[in-house]
Amino acid sequence: MIPYTYLLKHIPTNKYYYGVRFSKKCKPEDFWKTYFTSSTKIKGLIKKYGKKSFIFQIRKIFKSNRQ
């Protein structure tokens, strides 16, 4: 497990979403490839506009979920 935080920007609306991922199998390199987000709002925007309407940045990587 490699917990991390990320920042998403939805280009058409110029809105941002800051998220965190911590699960037993999470890895930052999986973000936006196999894991997108748990946010229902973001999932709706992906469905409406597509994944390419976002830019993202991994903001912080943690050594454990106790940091």
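Residues numbered from 1 in each chain as written. Predicted model: local features only at pLDDT ≥ 70, side-chain atom pairs only at ≥ 80, totals over all residues. Heavy atoms only, no water.

Quick notes on the side chain of histidine 10
At step 1: Assignment of secondary structure puts histidine 10 in strand β1 (residues 4-10).
At step 2: Given a relative accessible area of 2%, histidine 10 falls into the buried group.
At step 3: Polar side-chain contacts of histidine 10 include one of 3.3 Å to the side chain of serine 53.
At step 4: Histidine 10 has contacts with Lys15, Leu45, Tyr49, Ser53 and Phe54, leaving out every residue within four places of it along the chain. (Helix = DSSP H or I, 4+ residues; strand = E, 2+ residues; numbered from the N terminus. Buried < 20%, exposed > 50% of the residue type's maximum accessible area, 1.4 Å probe, protein only. Polar contact = N/O pair within 3.5 Å; in protein donor to acceptor, adjacent residues only side chain to side chain. Contact = heavy atoms within 4.5 Å.)

A few points about the sheet that holds β1
At step 1: Reading across the sheet, the three strands line up as β2-β1-β3 and stay open at both edges, with antiparallel pairing between neighbours. Only two strands of the sheet have a single neighbouring strand rather than two, namely β2 (15-21) and β3 (54-61). Strand-to-strand, the axes of this sheet are offset by a mean angle of 20°, without reference to chain direction.
At step 2: Here β1 runs beside β3; their pairing, made up of seven bridges, is antiparallel. Opposite tyrosine 4, over in β3, you have isoleucine 61 as the bridge partner. (Pairing = 2+ DSSP bridges. Axes fitted to C-alpha atoms, helices over the stretch in contact; angles between N-to-C directions.)

Notes on the pairing of β1
At step 1: For β1, the buried fraction is high: six of the seven residues fall into the buried class.
At step 2: Sheet topology note: the β1/β2 ladder contains seven bridges and is antiparallel. Note that in β2 the partner of tyrosine 4 across the bridge is arginine 21.

With respect to the nonpolar core
At step 1: Counting residues in each nonpolar core, the largest one holds ten residues, listed as Tyr4, Tyr6, Leu8, Cys26, Phe31, Trp32, Tyr35, Ile42, Ile46 and Phe54.
At step 2: Per element, the largest residue contribution to this core is three residues, and it comes from β1.
At step 3: Beyond its immediate sequence surroundings of up to four residues, cysteine 26 is in contact with Met1, Ile2, Pro3, Tyr4 and Arg21. (Core = buried A, V, L, I, M, F, W, Y, C linked by side-chain atoms within 4.5 Å.)

Note that every value here comes from positions in space, so none of it alone points to a role or purpose.
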